[in-house]
Amino acid sequence: NAGVTQTPKFQVLKTGQSMTLQCAQDMNHNSMYWYRQDPGMGLRLIYYSASEGTTDKGEVPNGYNVSRLNKREFSLRLESAAPSQTSVYFCASSEKRADISGANVLTFGAGSRLTVL
Amino acid sequence: SQQGEEDPQALSIQEGENATMNCSYKTSINNLQWYRQNSGRGLVHLILIRSNEREKHSGRLRVTLDTSKKSSSLLITASRAADTASYFCAEGTSGTYKYIFGTGTRLKVLA
């Protein structure tokens, strides 16, 4: 059971280049999320998708786009990378858990470390 | 910023001691969760407390919630070296699927 898989694990870009971070989950979860983690800032929500076909902005959406390709996959695109987007990016998925009264619990991927020069 | 805050930012204790970390959140919550992150890894869910609960236990973990103060605390009893990690609270905002994480507490347990 792979859980949440992110690719690539590491990437170095030059300013202005574009790239897509891929995320796939095999747990049949409805909701998916993209976070970025910077030192001292904790995790900040970029975008999320409550269900297939919907996406919503989080705390820091500027400079990013997302696509919920199907129930399994949720990609994050940087159209024109900037040094301020150097970060570790985490994808997560969630489901309602009957054992805790229907609350959602997030399952995270291992992260993608992006450096923009 | 919508992000909540945790304190202390860093905590260093001896094995066997208790560790307490606190979380201040900002939104109207449906639930509050605590996650753990080992160095270089993704986050792992530890425990959840619903907005109508005041205290929850799971093994060596005890979570409290005070909705009037918009605060929560996580207590780890009889800590072990393996508890060394960063701990984050996450507020589950009412009416949405959005989860906002705090800034985290780095815990170091010395053997």
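Only a predicted model underlies this, so the values are computations on that prediction, with no experimental measurement involved. (Residues numbered from 1 in each chain as written. Chains lettered and ligands numbered in written order. Predicted model: local features only at pLDDT ≥ 70, side-chain atom pairs only at ≥ 80, totals over all residues. Heavy atoms only, no water.)

Asks: Would you mind going over the layout of surface pockets with me for this structure?
Replies: If a probe the size of a water molecule is rolled over the atoms, the empty space left behind becomes visible. Taken as a whole, the largest pocket spans an internal volume of roughly 750 Å³. The wall of the largest pocket is formed by 34 residues, among which Gln37, Pro39 and Val88 of chain A together with Gln37 and Gly40 of chain B lie closest to the centre. Classifying every residue of the lining of the largest pocket by side-chain character gives nine nonpolar, 18 polar and seven charged. (1 Å grid on protein atoms, 1.4 Å probe; cavity = no way out; pocket = protein on both sides within 12 Å on 5 of 7 lines; lining within 4 Å. Points joined across faces, edges and corners; volume = space filled by probe spheres on them. Nonpolar A, V, L, I, M, F, W, Y, C, P; charged D, E, K, R; others polar.)

Asks: Would you take a moment to explain the sheet that holds strand β1 (residues 5-7) of chain B for this structure?
Replies: What holds strands together in a sheet is hydrogen bonding between their backbones, with the strands either parallel or antiparallel. Residues and elements named next belong to chain B. The five strands lie next to each other as β1-β3-β8-β7-β6, forming an open sheet whose pairing is antiparallel. Single-partner strands in this sheet number two, and they are β1 and β6 (55-58). Each strand axis lies, on average, 15° off the axis of its neighbour in the sheet, ignoring direction. Pairing of β6 with strand β7 (residues 61-66), which is carried by four bridges, proceeds in the antiparallel orientation. Opposite His57, over in β7, you have Arg62 as the bridge partner. (Pairing = 2+ DSSP bridges. Helix = DSSP H or I, 4+ residues; strand = E, 2+ residues; numbered from the N terminus. Axes fitted to C-alpha atoms, helices over the stretch in contact; angles between N-to-C directions.)

Asks: I'm lost on the pairing of strand β8 (residues 74-78) of chain A in this one. Help?
Replies: Looking along a regular strand, one sees the side chains alternate between the two faces of the sheet. Residues and elements named next belong to chain A. When you tally the buried positions in β8, you get four out of five residues, the bulk of the element. For strand β3 (residues 19-25) and β8, the ladder comprises three bridges, and the chain directions are antiparallel. Looking across to β8, one finds that Thr20 is bridged to Arg77. In this structure, strand β7 (residues 65-68) lies alongside β8, joined through four bridges in antiparallel fashion. Bridge pairing in β8 links Arg68 to Phe74. Connecting the antiparallel pair β7 and β8 is a turn made up of five residues. (Buried < 20%, exposed > 50% of the residue type's maximum accessible area, 1.4 Å probe, protein only.)

Asks: Where do I start with the interface of chain A and chain B in this structure?
Replies: Frequently, the measure chosen for interface size is the accessible area that the parts lose on association. Taken together, the contacts link 24 residues of chain A with 23 residues of chain B. Together, the buried faces of chain A and chain B total about 1,900 Å²; carbon and sulfur atoms form 58% of this surface. In this structure, the connection of chain A to chain B is made through zero salt bridges. Here chain A and chain B share five residue pairs in polar contact (both at pLDDT 80 or more) between them. Residues of the side of chain A that touches chain B, tallied by class, amount to 14 nonpolar, seven polar and three charged. (Contact = heavy atoms within 4.5 Å. Buried area = accessible area lost by both parts, 1.4 Å probe. Salt bridge = Lys/Arg side-chain N within 4 Å of Asp/Glu carboxyl O. Polar contact = N/O pair within 3.5 Å; in protein donor to acceptor, adjacent residues only side chain to side chain.)

Asks: Even after reading the chapter, I still don't get the packing of aromatic side chains, so can you show me in this structure?
Replies: Any aromatic ring pair is given by two values, namely how distant the centres are and how the planes are angled relative to each other. According to the stated counting rule, one finds 10 aromatic pairs over all chains in the structure shown. Centroid distance Tyr35 of chain A to Phe101 of chain B: 5.2 Å. Interplanar angle 85°. Geometry classified as edge-to-face. In this pair, Tyr35 of chain A is assigned in strand β4 (residues 31-38) and Phe101 of chain B in strand β10 (residues 99-101), connecting two distinct chains. Of the residues examined, Tyr35 of chain A reaches a relative accessible area of 0% and is grouped as buried. Residue classification places Phe101 of chain B among the buried residues on the basis of a relative accessible area of 0%. Relative to Phe101 of chain B, the ring of Phe108 of chain A has its centre 5.8 Å away and its plane inclined at 80°; by these criteria the two rings are edge-to-face. Linking Phe108 of chain A in strand β10 (residues 103-108) with Phe101 of chain B in strand β10, this pair reaches from one chain into another. Phe101 of chain B shares its class with Phe108 of chain A; the two are buried. Following the ring pairs from residue to residue traces out a cluster consisting of Tyr33, Tyr35, Tyr48, Phe90 and Phe108 of chain A together with Tyr35, Tyr99 and Phe101 of chain B. (Phe/Tyr/Trp six-rings, centres within 6.5 Å; stacked < 30°, edge-to-face > 60°.)

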